[in-house]
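Structure assessment
Listed below are the residues making up each chain.
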Amino acid sequence: MKRVLIALALLAIVGVIVWATIGGGMRGTVEDRLEEQMIARGLPQPMAECMAGRMAERLSVGQLRKLENLQAEAGEPDIPLTMAEFLERVRRVDDREVLEVVASSAAICAFASG
């Protein structure tokens, strides 16, 4: 009986891991949070939706946390007014992959929505 319970527990854990990673279970939540944050920071909804999907797919949770902690420096507006200002703030994360994903997502999504 004990072995059956252990086997069931392991199957449940594996199922949750597969659902969260391959099945996209966690991706939807991360993507929704990203979209909400980008809209709150001034991006139009279609652009935020497009970028959130690409970023959730391509960046790790750690990289997304770095972006979440971006703050305006002294003398800067709370919300970047131009794409150049936004990318300059992303550059401060000091992660080349994050900058590449965010910049390419911004470019692709700008052309897709425009």
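Structure: above.
Counting of residues starts from 1 at the beginning of each chain's written sequence and follows it residue by residue. Under the rules for a predicted model, residues below a pLDDT of 70 receive no local features and side-chain atom pairs below 80 are neither given nor counted, while totals for whole chains, interfaces and linings still include all residues. Values reported for side chains reflect all heavy atoms of the structure, with hydrogen atoms and water molecules removed beforehand.

Checked against the element boundaries, Glu88 lands in helix α5 (residues 83-91). Three labels apply to residues, based on accessible area from a 1.4 Å probe with only protein chains included: buried if under 20% of the type maximum, exposed if over 50%, partly exposed otherwise in between. Taking relative accessible area as the criterion, Glu88 reaches 37% and is therefore assigned partly exposed. Counting of polar contacts relies on pairs of N or O atoms within 3.5 Å, with two restrictions inside protein: one atom must be capable of donating a hydrogen and the other of accepting it, and residues adjacent in sequence are counted only when both atoms are side-chain atoms. Of the polar contacts made by the side chain of Glu88, one reaches the side chain of Arg91; its length is 2.7 Å. Helix and strand labels come from DSSP, where a helix needs a run of H or I of at least four residues and a strand needs a run of E of at least two; each type is numbered from the N terminus.

It is worth spelling out the side chain of Gln63 at this point. Relative to the elements of secondary structure, Gln63 occurs in helix α4 (residues 61-68). A distance of 3.0 Å separates polar atoms of two side chains, one belonging to Gln63 and the other to Glu97. Dropping the residues within four chain positions of it, Gln63 is found in contact with Arg58, Asp95, Glu97 and Val98. Every residue pair with non-hydrogen atoms within 4.5 Å of one another is taken to be in contact.

The salt bridge definition used is simple: a Lys or Arg side-chain nitrogen within 4 Å of an Asp or Glu carboxyl oxygen. What the rule picks out here adds up to nine salt bridges. A salt bridge links Arg33 to Glu68; the nearest nitrogen and oxygen atoms lie 2.7 Å apart. Here Arg33 is found in helix α2 (residues 25-40), whereas its partner Glu68 is found in helix α4, with 35 residues between them in sequence. Given the relative accessible area of 42%, Arg33 is considered partly exposed. Across the pair Glu76 and Arg92 runs a salt bridge, and its minimum N-O distance is 2.3 Å. With Glu76 in the loop between α4 and α5 and Arg92 in the loop between α5 and α6 (96-113), this pair connects stretches of sequence that are 16 residues apart. A network of salt bridges, in which partner residues are shared, links Glu73, Glu76, Arg89 and Arg92.

Attention shifts here to helix α3 (residues 45-58). Here α3 spans 20 Å end to end across 14 residues, near enough to the 20 Å set by a 1.5 Å rise per residue. Considered for burial, the residues of α3 that qualify are Met47, Ala48, Met51, Ala52, Gly53, Arg54, Met55 and Ala56. One less than the residue count of a helix, multiplied by 1.5 Å, gives the span that helix is expected to have.

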